[in-house]
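Structural features, examined
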Amino acid sequence: QAGVNLVGALGTELSFDALWYHLPNARQLSERGWWGVVPGGLLYSSGLPRVGDWVNAGLLWVGQARGMESPELLPKLLSWVLGIGCAWLIGKIARKYLEEKWAWGVALLWYSMLLVGWQSMVVYVDLARTWLVLLSAWLLINQKPFWSAVVAGLAYSVKILSGIEVVILAVVWGMWKRDWRECAKYLAIVIPFVLWWGMLNWNQGYSFFYPLGEFGMIREHWGLQYLTGPMIGEGRYILPELAALLMVGIKWLTERGRRWRTLVGVIIGLHAVLGISYRAVANAKFVPYLLGQESKAQFLTQHLNFEYGDWYDTDGWVRVNLTPERFLVTGVHNTYYLPGEKWEHDSWAVKTNCWPWWLVRGEVTIGEGWQLVHEVPITQTRIYQNSECVQ
């Protein structure tokens, strides 16, 4: 499974959220030093706790400094490593309560899930958050509440959703010690992490928990659909909880008798075979690219979804002609593959500036003075020049 996942991790990025905000947020920090909230609404997630994107920014910077064609490869490999790390921690935790073979059976069952295979090859932060939550639980099991709370605070710093797990861990610790003051102490250690991220937003003029409550984020991310299972993308929000449920379920079943243990073993084996096989078929599309039979441009032109927000410079015209120039971008939702560092998206750009070039995707009203100089039908991209602007 790890080998199959590695094939996907070595391929260039295709996933929507990675190209929409995880990698663009990291690019803004790596290339422009924008560590805070990016105005305009397109990258509203930059207001959430984002230490994962900060780490990815450092990895992008290393890749760019080394002249890598695909610097996003380093953040993708980090996801792959974190997936293995999560499976190892699940096995360690389960070993506390199960026989060794069943403990690693839990790890195998979790790691061979289609959801985990997908997360192991994309630049998301869900596996980083899951690893930190699992590590926090492991520290708590081993009677180290202070360090458990610190790690839980880091998990919150990766994804705000871990605030729920912070409360759960604190309550469990209080119940375990039969002293609610222990619960309060645990929460008190995490509170500075919450205050840190909130004050960063507040200092920039945004609400404490921006963008929660705006852009429909409460409705979008907290619905009951996230409890429907691991076979949909939203299941990534409950990856730590899925590990816990698997542990409880396998412990209960294996204690019911030999026949049940045999059934559990068969289920784990079949799930692993099916999960690995499905992911292998899905990742086969990366093989020609990895073998050098396809260029990056050919691969992305074939596999990106240009009808649903993706964009790429398929013919290389923008990279060759506009990389040194200032240009305005309109209608591009997933901005990661925009070349150069001098472009500005119209969601945050100063509209009164005089732009010598304008990259437009989709239908917009073109004012006087703009001349069409290039067009790419496959991406619905048009390039306009304004000769009146001083270069």
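Here, the structure is the one placed above.
Residues numbered from 1 in each chain as written. Predicted model: local features only at pLDDT ≥ 70, side-chain atom pairs only at ≥ 80, totals over all residues. Heavy atoms only, no water.

**Quick look at the pairing of strand 5 (residues 381-386)**
- A large share of strand 5 lies buried, amounting to five of its six residues.
- Here strand 3 (residues 357-361) pairs with strand 5 via five bridges, running antiparallel. Residue Leu359 lies in a different strand from strand 5, and its bridge partner there is Ile383.
- Note that strand 4 (residues 370-376) and strand 5 share six bridges and pair antiparallel. Each residue of the ladder has a partner; that of His374, found in strand 5, is Ile383. (Buried < 20%, exposed > 50% of the residue type's maximum accessible area, 1.4 Å probe, protein only. Helix = DSSP H or I, 4+ residues; strand = E, 2+ residues; numbered from the N terminus. Pairing = 2+ DSSP bridges.)

**Here's the deal with the packing of helix 4 (residues 73-95) against helix 7 (residues 126-141)**
- For the pair helix 4 and helix 7, interaxial distance at closest approach is 9 Å and the crossing angle is 25 degrees. As far as their axial angle goes, helix 7 and helix 4 are roughly parallel. Here the hand of the crossing between helix 4 and helix 7 comes out left-handed. Between helix 4 and helix 7, the contacting residues are Ser79, Leu82, Gly83, Gly85, Cys86, Leu89, Ile90, Lys92 and Ile93 on the first element and Leu127, Ala128, Thr130, Trp131, Leu134, Leu135, Ala137, Trp138 and Ile141 on the second.
- Here the contact of helix 4 with helix 7 is composed, by residue class, of 13 nonpolar, four polar and one charged. (Axes fitted to C-alpha atoms, helices over the stretch in contact; angles between N-to-C directions. Parallel < 35°, antiparallel > 145°, perpendicular 65-115°, else oblique. Left-handed = near helix turned anticlockwise from the far one by under 90°. Contact = heavy atoms within 4.5 Å. Nonpolar A, V, L, I, M, F, W, Y, C, P; charged D, E, K, R; others polar.)

**Re the layout of surface pockets**
- Roughly 650 Å³ of volume is contained in the second largest pocket.
- Residue lining of the second largest pocket: 19 residues in total, with Ile93, Ala137, Ile141, Leu169 and Ala244 positioned closest to the centre.
- Of all the secondary structure elements, the ones that give two or more residues to the lining of the second largest pocket are helix 7, helix 9 (162-177) and helix 12 (239-254).
- If you tally residues by element for the lining of the second largest pocket, the top one is helix 12, at six residues.
- For the lining of the second largest pocket, the residue count by class is 16 nonpolar, no polar and three charged. (1 Å grid on protein atoms, 1.4 Å probe; cavity = no way out; pocket = protein on both sides within 12 Å on 5 of 7 lines; lining within 4 Å. Points joined across faces, edges and corners; volume = space filled by probe spheres on them.)

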